[in-house]
Amino acid sequence: MTRKTRRLWLVIACVACLGAAAALMLKAFSSDIVFFVTPSQVAASPPPADRTVRLGGMVVAGSVKREKQGETPIARFDVTDGQAAITVRYEGILPDLFREGQSVVAVGTMHKDGFVASEVLAKHDETYMPKEVAEALKKSGKWDPRFGPPPSAASWNSMTAQDAKKMLPAGN
């Protein structure tokens, strides 16, 4: 084997090893990726039942229902992006800052009876809005940054639970 041939095989082996390492890393990361979706995106094409997603939007005023199953508190509420609303079911204690008309991000999976959250994240002050929610408002046409800050939580309070029920996909 000539020196050039050995060098070529060495380069081919290095490229193959790098490719295998990259493929293994991408495979490992793919199971940990959690996508952000809005209620209108879920209504248009629901994610697979085994896929964990982050559902973001505003909690519809008048939609929060609390109950207990044994010792476990259960909350049901609707999340909207102004175009569609999705019912969320959460078992556990909601964050102290959770309120109707406020931004929320629910981490969980889609089931036939609605979105089942394993975690609920609430905004931390009056001016905060998750980046993904602000981008979803821009895409939906509900907010244009050229005309000022994002809509306040108070403006979302005008949406009632009955309005949200009209936007829910069939079966919820």
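Each remark here, short or long, concerns the structure printed above.
First, a word on scope: everything that follows refers to the structure included in this document.

Each value, and the rule that gives it
- Residues numbered from 1 in each chain as written.
- Predicted model: local features only at pLDDT ≥ 70, side-chain atom pairs only at ≥ 80, totals over all residues.
- Heavy atoms only, no water.
- Helix = DSSP H or I, 4+ residues; strand = E, 2+ residues; numbered from the N terminus.
- Buried < 20%, exposed > 50% of the residue type's maximum accessible area, 1.4 Å probe, protein only.
- Patch = residues over 30% accessible without salt bridge, like charges linked within 9 Å, V, L, I, M, F, W, Y side chains within 5 Å.
- Areas by Shrake-Rupley, 256 points an atom, 1.4 Å probe, with all protein chains shown as cover.
- Salt bridge = Lys/Arg side-chain N within 4 Å of Asp/Glu carboxyl O.
- Core = buried A, V, L, I, M, F, W, Y, C linked by side-chain atoms within 4.5 Å.
- Contact = heavy atoms within 4.5 Å.
- Polar contact = N/O pair within 3.5 Å; in protein donor to acceptor, adjacent residues only side chain to side chain.
- Pairing = 2+ DSSP bridges.

## Digging into the overall build of the chain
Broken down by element type, the chain carries five helices and seven strands. What you see in the chain, going N to C, is helices and strands ordered as α-β-α-β-β-β-β-β-β-α-α-α. For the chain, the proportion of its 172 residues judged to be buried stands at 38%.

## Description of a nonpolar patch on the surface
Nonpolar side chains collect at one region of the surface, where M1, L8, W9 and I12 lie side by side and expose about 490 Å² of accessible area between them. Its location among the elements puts I12 in helix 1 (residues 3–30). For I12, a relative accessible area of 40% corresponds to the partly exposed category.

## Comments concerning the nonpolar core
Core analysis: the largest hydrophobic core is formed by 20 residues, its most contacted members being L55, F77, V88, F98, F115 and V120. When contributions to this core are tallied by element, the ones reaching two or more residues are strand 2 (53–59), strand 4 (72–80), strand 5 (85–91), strand 6 (103–111) and strand 7 (114–122). Residues within four places of V120 in sequence aside, it is in contact with F77, Y90, L94, P95, F98, V104, V105 and A106.

## So, the environment of E100
Inspection of the secondary structure puts E100 in the loop between strand 5 and strand 6. For the pair E100 and A61, spaced 39 residues apart in sequence, the C-alpha to C-alpha distance is 4.9 Å. Polar side-chain contacts of E100 include one of 2.9 Å to the backbone nitrogen of G62.

## Things to note about the pairing of strand 6
A large share of strand 6 lies buried, amounting to eight of its nine residues. As paired elements, strand 2 and strand 6 share six bridges and run antiparallel to each other. Bridge assignment links M58 to a residue of strand 6, and that residue is S103. Turn length for the strand 6-strand 7 hairpin, with the two strands adjacent in sequence and antiparallel, is two residues.

## Here's the deal with the pattern of salt bridges
Side-chain pairs of opposite charge can arise whenever the charged atoms involved come near each other. Inspection of every chain in the model, using the stated rule, returns one salt bridge. Residue E91 is joined to R89 by a salt bridge in which the shortest nitrogen-to-oxygen separation is 2.7 Å. According to the relative accessible area criterion, E91 is partly exposed, its value standing at 41%. Given a relative accessible area of 16%, R89 falls into the buried group.

The analysis is restricted to geometry; functional conclusions fall outside its scope.
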